[in-house]
Amino acid sequence: MENPNRLKILKNVLLFFGGTLLLAKGENLSQPDAERLFSLKVYPILQEKCFACHGDDPEKIKGELDLRSLEGMLKGGEYSDKVLVPGNALESDLYIAVTWEDPDMEMPPKENDRLLPEQISMLRDWINAGAPWPDEMTMKSYREEEWKVLENEDGVIVKTSGGQSDAWTYRRYKPEDIWAFQPVVKPAIPDSKENPIDYFVNRKLTDEGVEPAAEADPLTLIRRATYDLVGLPPSPGEIESFRKAWSNDKEAAWAGLIDRLLASPQYGERWAQHWLDVARYADTGGLSNDYERSNMWRYRDYVIRSINADKPYDQFIVEQIAGDEIADAALLERMENDHEKFDKARLEGAYNDAEKELIIATGFLRVGPWDSAMIPVPEARQLYLDDVVNTVGQTFLATTMRCFKCHDHKFDPLPTKDYYRMYAAFSGTQLAERNLPFSDCENTDNFEEGNKLVQSMLGFAKADLKKLVEKRENAARKWFAEHDLPYLNEDDRKDLADEVKPPRHIGLTIEEQGRLKVREQDVWIWNRRQERYLPMVQSVYNGPDVKPDARKLRIPKQVDQSWRPRNHIYGGGSYLAPGDEVGPGVLSALGLPVDGAPENDPYILPDNLSGRRLALAKWIADKHNPLTTRSIVNRVWQHHFIDPIAGNPNNFGVKGKKPTHPELLDWLAADFVENGWTFKRMHRLMMMSKLYRQSTKHPMMEKLREKDPENRLAAYRKPRRLSAEELRDSFLKVTGELNPKAGGLPIRPEISMEVALQPRMLQFSLAPAYQPDPTPRQRNRRTIYTYRVRGMADPFLEVFNQPNPNDSCEARDAAPVTPQVFTMLNSDVITDRTVAFALRLEREAQTPGERINLAFRLALGREPASIEKEQLLRYLSDMEQYHLKSQPETPVYPVKITRSLVEEFSGEPFEYEEILPSFESYQPDAKAADVSPSTRALADVCLLLLNSSEFIHLY
């Protein structure tokens, strides 16, 4: 069919590609050169871009156009009989379509799939050369000849364990795209006193003709450093001491400040939060049941202790992936290799303190969302293993493993075989809540009080359940008597035929049937929560597959050590489509062999039931592993300089953002390893740089925002907003309410009552209402210790971008959104904190002017300017008059609530009662209704300060 717009289109194409030269291009190719071009370039383009719609599925060929052969192209399709005109690209609709010059004929149809200009040129040259289509053997010979050349103008071939096709195995990559897979090479730097960080950054700035920003002032710097290292504002006394030291010797003052902050136990609390973001910490399992993971807090506290102790990162890696294997090996040795004694000792948790720490560390393998309910056993198993493999990849290797689970990676040199090799490394790993006595370093405060609440809830549920069961069984006895049959209890009669047993819920009304289901669930929930106060830990062990039950996971009394898992590559990622068998192994693209692996397969791990994870962990923690070392220094850099050097800390692949300063990243990675993998030294190195001390202001800011809008040159410091945890902790610090107690049971702060009491569905029932801790001292600890429920986020923390714990968070979202404004002005959280702030000011200062001075020192670290003080005094007076005329309502805390549900079999609604014993002796924070009008007016002044950019942001 002739295209009426062909002449116009041809003219446009000619103009676009350089006039009449286009027709000649390709005609000078020899037959072998044209065949080679087709075999190596054109045919792979057709495979990737065209065959999916035009040939791969013979039953669903679109437009009756089959592009898999020369004959198919020459035949044409439903809409064109000039798909291919050998020798004339401009007459070939195939070529016209890929140029997108004809709006009615744009192929491939999706913008993201369009051919690149160089691909269009190759297709054109092949057509103009006569469109030769060699046979498969000839094409294969061209390809095999090309594969012998590891690097050419098209890129490099990366040696791997092999993809699912030769085309993938031998595809080429641009060296700059696979930068992260290359060995770390430490660049040489001049022998000078200049901080190496400043050397690399300033060199790039000089090349661009840009001067770095000046140094920030002392107040800005102490706020910046204190928040960065401990996540809290500096006190007025700390600021004054630092100012004096700075005036005497600023370098010594700065170094002393960093050392003091790194020695603080609050340093571990702040930096553990960064790690837990990546690891996805929560105290519940998520999904439809959101079961509590009792004692998950022990892993949280392990992370804090490790960071405070400056534990080497390579050790930190190994402990979290395979700590149980190390501990169990030590225990087995103490049991003189007697497996019967070992099994008994392991069940009892008979480990020393060092071994306990190793067991707790493997909580990392349990932090992700997982549930086994209502899905087939093999699928539940696969969901867990997939989650662990992806988490290990993202956390330690900055690699998104899910991207090559179903097929070879589309962009990175990561074959799906390597995915399932790493999957096999975890395939003997089973989940368990293990017995493990508490160590002296662990905080077990409030166990008795907390257990009292659990027993109260459990006793209430049991009592109501008992009444309902007795009523049902009395009716059942009557039914059996009426039918001259012996009475059988519910368990004994449940499998009988319907005609010889009473109806399932005999004697119960619809409402009672619903209550029975709820109480059965409640009894299980509160029985489970008793484990909070038992010496147990969320961990793993090695053993044969068992039927997983997220409600209760335990180590068997005996484990068959001779069992070995069998693993396969799953077609399309489905366990229902097992393919080639694989053994445990690592990522081959790095070219880093496993210690002790055979020469013919250097990337395979030991096949023993125990030891797979340990070997994998040691490979990840190898000093020559470029992904591991670059990944962790990039994360540390990110939390000191706002932006990471490589823009996607969880993804160093081709599609991740490339590093702004690659030589600096490599220098830091090498230096980190050379100096013992320790974090505190790395903090000092980064924070002692002039780059860290830069101001957020720059004399050429307008020009820089045009030239370098993302500040990739690092010419100045970017401001940052405080994180959700920093905001809440800062409120408590300036109000004097912060309880510095470390570790232990999760705390339950007071949250919006609407959210706390709202119905939250679980499978077959409702979750218990959220009940805050009864006293302010319990509630007002640091935010890292709050109880994190996957199915119910804290509304204040959520609105300020606390990440969802279902996914690894590589960077907090700091985007401002409207709900943040309302939260900072009107929420119960901010109201309570401003009242507490006002009460502190009234205790510690006498006059209105003195109180405003103190408020500025506590919140902003400085004295108010005269105009600020004058305006706030006037505002204070105005608000006193306002509050004299108004009286806030006193909040009411219910001790019980009525719930409503639908009974699952009848579809009828029913109601039931839930008790809230926490509120029976509840000590609320001071409320606006509890204080005088003058205190409320002062609280309004505090509200202004806590809403100021100067308080909320770091500069």
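- Per an unreviewed UniProt entry, the chain goes by the name PSD1 and planctomycete cytochrome C domain-containing protein and belongs to Luteolibacter algae.

### Digging into empty space enclosed by the protein
- Applying the stated criterion across every chain, the model contains 13 cavities of 30 Å³ or more.
- In this structure, the largest cavity occupies an estimated 280 Å³ of space.
- If you trace the largest cavity, you find 24 residues lining it, with R529, R532, R760, P768 and Y787 closest to the centre.
- Top element by residues in the lining of the largest cavity is helix 22 (residues 510–529). It accounts for 6 residues.
- Grouping the amino acids of the lining of the largest cavity by side-chain chemistry returns 13 nonpolar, 4 polar and 7 charged.
- Quantified by volume, the second largest cavity comes out at close to 180 Å³.
- Taken together, 15 residues form the lining of the second largest cavity, with R728, P749, E750, V829 and R833 sitting closest to its centre.
- Looking at the lining of the second largest cavity, the element that brings in the most residues is helix 33 (residues 828–844), giving 4 residues.
- Looking at the lining of the second largest cavity, its residues break down into 6 nonpolar, 1 polar and 8 charged.

### Some details on unusual backbone geometry
- Cis geometry is found at the peptide bond from M107 to P108, where omega equals -15°.
- Mapped onto the fold, P108 is located in the loop between helix 5 (93–99) and helix 6 (117–128).
- For A714, which is not glycine, the phi torsion reads 60° and is therefore positive.
- Along the chain, A714 turns up in the loop between helix 27 (701–707) and strand 8 (720–721).

### Regarding the side chain of R223
- Considering the arrangement of structural elements, one finds R223 in helix 10 (residues 218–230).
- With residues near it in sequence (within four places) discarded, R223 still touches P234, A859, L860, E950, F951, H953 and L954.

### Some points on the environment of I359
- Residue placement: I359 occurs in helix 17 (residues 353–361).
- Relative accessible area serves as the criterion here: at 0%, I359 is assigned to the buried category.
- For the pair I359 and D328, spaced 31 residues apart in sequence, the C-alpha to C-alpha distance is 8.8 Å.
- Apart from the residues within four sequence positions on either side, I359 is in contact with D324, A327, D328, Y351, R434, L436, V537 and S539.

### Notes on the side chain of D283
- Mapping D283 onto the fold places it in the loop between helix 13 (265–279) and helix 14 (297–308).
- Notably, D283 is buried but unbridged: the nearest opposite-charge side chain belongs to R300, and the N-O separation is 5.3 Å.
- Not counting chain neighbours up to four residues away, the residues in contact with D283 comprise E292, R293, M296, W297, P746, T786, Y787 and R788.

### Remarks on the sheet that holds strand 1 (residues 151–152)
- In space, the 3 strands of this open sheet follow the order 1-2-3, with antiparallel pairing throughout. Of all the strands in the sheet, just strand 1 and strand 3 (172–173) have a single pairing partner and so form its edges.
- Of the pairings in the sheet, the one linking strand 2 (residues 155–157) to strand 3 comprises 2 bridges and is antiparallel in character. Across the sheet, I157 pairs through a bridge with R172, a residue of strand 3.

### Description of a nonpolar patch on the surface
- A cluster of nonpolar residues, L485, L496 and V500, forms a patch on the protein surface that exposes about 180 Å² of accessible area.
- Mapped onto the elements, L496 comes out in the loop between helix 21 (490–493) and helix 22.
- For L496, a relative accessible area of 30% gives the class partly exposed.

### A look at the packing of helix 13 against helix 24 (residues 626–641)
- The N-to-C vectors of helix 13 and helix 24 enclose an angle of 125°; their axes lie 12 Å apart at closest approach. In terms of orientation, helix 13 and helix 24 fall into the oblique class. Judged by the twist between their axes, the crossing of helix 13 over helix 24 is right-handed. For the pair helix 13 and helix 24, the contacting residues are W271, H274, W275 and V278 in the first and I632, R635, V636, H639 and H640 in the second.
- In terms of residue class, the contact of helix 13 with helix 24 is made up of 5 nonpolar, 3 polar and 1 charged.

### Overview of the UniProt feature "domain: DUF1549" (unreviewed entry) in the chain
- When the UniProt feature table is mapped onto this chain numbering, "domain: DUF1549" (unreviewed entry) sits at residues 196–430.
- The span residues 196–430 is 64% helix and 1% strand, and its two end C-alpha atoms sit 46 Å from each other.

### Structural notes on the confidence of the model for the chain
- Residues of the chain with pLDDT of at least 70 account for 97%, and the chain-wide mean is 94.
- Low confidence marks residues 6–24, where pLDDT is under 50. Its contacts with residues over four positions away, or in another chain, come to 35 contacts.

### What to know about the packing of aromatic side chains
- A complete count under the given rule lists 47 aromatic pairs for this structure.
- Taking 5.9 Å as the distance between ring centres and 85° as the angle between the ring planes, the aromatic pair formed by F404 and Y419 counts as edge-to-face. Residue F404 is located in the loop between helix 18 (377–397) and helix 19 (416–425), and its partner Y419 is located in helix 19; the two are separated by 15 residues in the primary sequence.
- Its relative accessible area of 0% is what places F404 among the buried residues.

### Some details on helix 25 (residues 662–674)
- Over its 13 residues, helix 25 runs 18 Å from end to end, which matches the ideal 18 Å to within 8%, given 1.5 Å per residue.
- Every buried residue belonging to helix 25 is among L664, L665, D666, W667, L668, A669, A670, D671, F672 and V673, and all of these are buried.
- Considering only its buried residues, helix 25 is in contact with helix 9 (196–207), helix 15 (313–334), helix 24 and helix 26 (679–687).

### Looking at the environment of R613
- With respect to the helices and strands, the residue R613 is situated in helix 23 (residues 612–620).
- Here T429 takes part through its side chain, which lies 2.8 Å from a polar atom of the side chain of R613.

### Examining the nonpolar core
- Counting residues in hydrophobic clusters, the biggest one holds 164 residues, and the most contacted among them are Y299, Y313, F396, F426, W619 and L668.
- Element by element, the count of residues in this core is highest for helix 15, at 9 residues.
- Excluding residues that lie within four positions of it along the chain, W619 makes contacts with L397, V586, L587, L590, L592, P593, V594 and N625.

### So, helix 35 (residues 866–884)
- The terminal C-alpha atoms of helix 35, which comprises 19 residues, lie 27 Å apart, in line with the 27 Å expected from a rise of 1.5 Å per residue.
- Burial in helix 35 covers these residues: L872, L876, M879 and H883. For helix 35, the buried positions fall inside an angular range of 75° around the axis, keeping them on one side. Residues S866 and L884 are exposed on helix 35 and point more than 90 degrees away from its buried face.
- If you follow the buried residues of helix 35, they end up packed against helix 34 (848–860) and helix 36 (933–946).

### Observations regarding the packing of helix 10 against helix 12 (residues 250–263)
- Contact pair helix 10 / helix 12: the axes reach a minimum separation of 9 Å and the direction vectors enclose 25°. In terms of their interaxial angle, helix 10 and helix 12 are classed as roughly parallel. Both helix 10 and helix 12 take part in a crossing whose hand is right-handed. Contacts between helix 10 and helix 12 involve L221, I222, A225, T226, L229 and V230 from the first element and W254, L257, I258, L261 and L262 from the second.
- For the contact of helix 10 with helix 12, the residue count by class is 10 nonpolar, 1 polar and no charged.

Analysis parameters
- Residues numbered from 1 in each chain as written.
- Predicted model: local features only at pLDDT ≥ 70, side-chain atom pairs only at ≥ 80, totals over all residues.
- Heavy atoms only, no water.
- 1 Å grid on protein atoms, 1.4 Å probe; cavity = no way out; pocket = protein on both sides within 12 Å on 5 of 7 lines; lining within 4 Å.
- Points joined across faces, edges and corners; volume = space filled by probe spheres on them.
- Helix = DSSP H or I, 4+ residues; strand = E, 2+ residues; numbered from the N terminus.
- Nonpolar A, V, L, I, M, F, W, Y, C, P; charged D, E, K, R; others polar.
- Contact = heavy atoms within 4.5 Å.
- Buried < 20%, exposed > 50% of the residue type's maximum accessible area, 1.4 Å probe, protein only.
- Lys, Arg positive; Asp, Glu negative; His and termini not counted.
- Salt bridge = Lys/Arg side-chain N within 4 Å of Asp/Glu carboxyl O.
- Pairing = 2+ DSSP bridges.
- Patch = residues over 30% accessible without salt bridge, like charges linked within 9 Å, V, L, I, M, F, W, Y side chains within 5 Å.
- Areas by Shrake-Rupley, 256 points an atom, 1.4 Å probe, with all protein chains shown as cover.
- Axes fitted to C-alpha atoms, helices over the stretch in contact; angles between N-to-C directions.
- Parallel < 35°, antiparallel > 145°, perpendicular 65-115°, else oblique.
- Left-handed = near helix turned anticlockwise from the far one by under 90°.
- UniProt positions renumbered as here; feature names shortened; annotations may be inferred.
- pLDDT = per-residue confidence, 0-100.
- Phe/Tyr/Trp six-rings, centres within 6.5 Å; stacked < 30°, edge-to-face > 60°.
- Expected span 1.5 Å × (residues − 1).
- Polar contact = N/O pair within 3.5 Å; in protein donor to acceptor, adjacent residues only side chain to side chain.
- Core = buried A, V, L, I, M, F, W, Y, C linked by side-chain atoms within 4.5 Å.
- Arc of directions from axis to C-beta.

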